[in-house]
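Each chain, letter by letter, is given below.
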Amino acid sequence: MRILITAGPTREYLDDVRYLSNASSGQMGYELARAALEAGHEVALVSGPVTIPAPEGCELYQVETTDEMYSQCEQLFKDCDGVIGTAAVCDYRIKARKPGKIAKTGEAITLELVETIDVLAELGTQKGDRWVMGFALESQDARFNAVRKLYSKKCDAIVLNGVSAIGSTDNFVEVIDQSQETVATYSGPKARVARELIAWIQAHIARG
Ligand code: CTP
C-alpha cells in the first residue's frame, strides 16, 4: 500500500514572528511511518515542525500551517490507498494575520480566532474506496467524542488516546471501528503500538 500520514503540530501565525501551536512531538506519526515502511508499504509523511528525524525511506513533506498541511495532503491523497491522521492540527487561526511584528500598546489586546480547515474530515469526504484512520485525543467523554469524530470525519476507524500521550514515549490506545465498539487495545512504547496499529489496518480496513 501507499499510505499518507499526517504528523506533528501545525502553526498559525499572529504576525510574522509569533504563532499559536501545541506540544505535539510528532512521535506517534513518525513511528507509524517507520512501522509501515518496515511492513513493506510506501509512506508519504506530511509533517508540521518537529525535532525528530524522519524514518529512512519515507517521503517527507514539511509544512507549517494547517492550510499548507491540507494542500499537501489533498495533492498526495489521490495516489494513496489510505490515510492515518496523527497530526495535532491547530484548530484555530488568527482571523487577520498582521504583517511584521505586533508592538506592545500598554493595553490588553484581543485576538479574533476562526476555525482552520479540518484536514482529515476533508480527506474523508474525498475518500472514495480509500480507507481513513483518525486519532482522537480526549480528556473527557472520551469514547463518545471519539465516535462522534469517527462519523464526522468519515473514518473507517479511530484511535482513542489520552492527553498523557503528548510528549510521552509510551501510549495506551483503543481502536474503535464503525461498530462503535473498542475492537483492539494496545499499550507500551509508541514504536510497538505503531507496529500493532499497522498490522490492524492491514487485517481490517485495507482494501484488496
Ligand atoms: N484533524 C485534522 N484537522 C483538524 C483537526 C483535526 O486533520 N483541523 C484530525 C487529527 O489529525 C485527528 C482527528 O482529526 O486525526 C481528531 O483530532 P482531534 O484534535 O482529536 O479533534 P478535533 O476535530 O480537533 O476536535 P476537538 O478539538 O473539538 O476535540
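Keep in mind that what you see is a predicted model, and the values were worked out from it rather than measured. (Residues numbered from 1 in each chain as written. Predicted model: local features only at pLDDT ≥ 70, side-chain atom pairs only at ≥ 80, totals over all residues. Heavy atoms only, no water.)

## Let's talk about the pattern of salt bridges
Stated precisely, the cut-off is as follows: Whenever Lys or Arg places a side-chain nitrogen within 4 Å of a carboxyl oxygen from Asp or Glu, that contact is recorded as a salt bridge. Secondary structure elements follow DSSP: runs of H or I of four or more residues count as helices, runs of E of two or more count as strands, with numbering from the N terminus. Only protein chains enter the calculation, and the probe is 1.4 Å; a residue is then buried if its accessible area is under 20% of its type maximum, exposed if over 50%, and partly exposed in between.
For the structure shown, the criterion picks out eleven salt bridges. When the shortest N-O distance is used, the salt bridge between Asp-118 and Lys-153 registers 2.5 Å. A residue pair is termed long-range when its members are at least 10 positions apart, and Asp-118 in the loop between β8 (113-115) and α3 (119-125) and Lys-153 in the loop between α4 (142-152) and β10 (157-162) qualify at 35 residues. Residue classification places Lys-153 among the buried residues on the basis of a relative accessible area of 17%. Among the salt bridges present, the one from Lys-127 reaches Asp-156, with a minimum N-O distance of 3.1 Å. A residue pair is termed long-range when its members are at least 10 positions apart, and Lys-127 in the loop between α3 and β9 (131-138) and Asp-156 in the loop between α4 and β10 qualify at 29 residues. Taking the relative accessible area as the measure of exposure, Lys-127 reaches 13% and is therefore buried.

## Some points on the packing of aromatic side chains
Worth spelling out the cut-off: Pairing of aromatic side chains requires ring centres within 6.5 Å, counting the rings of Phe and Tyr and the six-membered ring of Trp. Pairs whose planes differ by under 30 degrees are stacked, by over 60 edge-to-face, and all others tilted. Note on geometry: a ring has a charge over it if NZ (lysine) or CZ (arginine) is within 6 Å of the ring centre and within 35 degrees of the ring normal.
Enumeration over the complete set of coordinates arrives at one aromatic pair. Their ring planes at 70° and their centres at 5.4 Å tell us that Tyr-13 and Tyr-19 sit as a pair that is edge-to-face. Looking at Tyr-13, the relative accessible area reads 14%, which means it is buried. Here Arg-130 stacks its cationic end above the ring of Phe-77, 4.2 Å away from the centre of that ring.

## Some words on the environment of Gly-106
Here Gly-106 shows up in the loop between β7 (92-94) and β8. Overall, Gly-106 belongs to the exposed group, its relative accessible area being 74%. Sequence spacing of Gly-106 and Leu-14 is 92 residues, and the spatial spacing of their C-alpha atoms is 18 Å.

## Remarks on the pairing of strand β6 (residues 82-85)
Note the cut-off: Any two strands are treated as partners once DSSP identifies two or more bridges connecting them.
Alternating residues of β6 divide into Gly-82 and Ile-84 and Val-83 and Gly-85, and every residue in both groups is buried. The pairing of strand β1 (residues 2-7) with β6 spans four bridges and is classified as parallel. Each bridged residue has a counterpart across the sheet, and for Thr-6 the counterpart in β6 is Gly-85. In terms of strand pairing, β6 meets β9 through four bridges, oriented parallel. Residue pairing in the sheet places Ile-84 in a bridge with Met-133 of β9.

## Side note on the pairing of β9
What counts here: The path from the first strand over the helix to the second decides the hand: if it runs clockwise while the strands point away from the viewer, the crossover is right-handed.
Of all the eight residues making up β9, seven are buried; the element is thus mostly covered by neighbouring parts of the structure. As paired strands, β9 and β10 are joined by six bridges and run parallel to one another. Opposite Glu-138, over in β10, you have Gly-162 as the bridge partner. For the crossover from β9 across α4 to β10, the handedness is right-handed.

## Quick notes on the site of the ligand
Our working definition: Note on terminology: near, applied to a residue and a molecule or strand, indicates that one of the residue's heavy atoms is within 4 Å of it. Between N or O atoms, a polar contact is any pair within 3.5 Å; within protein, one atom must be a potential hydrogen donor and the other a potential acceptor, and residues adjacent in sequence are included only when both atoms are from side chains. Accessible surface area values rest on a Shrake-Rupley calculation with a 1.4 Å probe, where residue burial reflects the displayed protein chains alone. Just so you know the grouping, Ala, Val, Leu, Ile, Met, Phe, Trp, Tyr, Cys and Pro go in nonpolar, Asp, Glu, Lys and Arg go in charged, and all remaining residues, Gly too, go in polar.
Taken together, 15 residues form the shell around the ligand, and within it Gly-85, Ala-87, Leu-120, Lys-149 and Lys-153 come nearest. Contact distances for the ligand include 2.6 Å between an oxygen atom and a backbone N or O atom of Gly-85. The fraction of the free accessible surface of the ligand (570 Å²) that becomes covered by protein chains is 78%. When contributions to the shell around the ligand are tallied by element, the ones reaching two or more residues are α3 and β9. With four residues, the single largest contributor to the shell around the ligand is β9. A per-class count over the shell around the ligand returns eight nonpolar, three polar and four charged.

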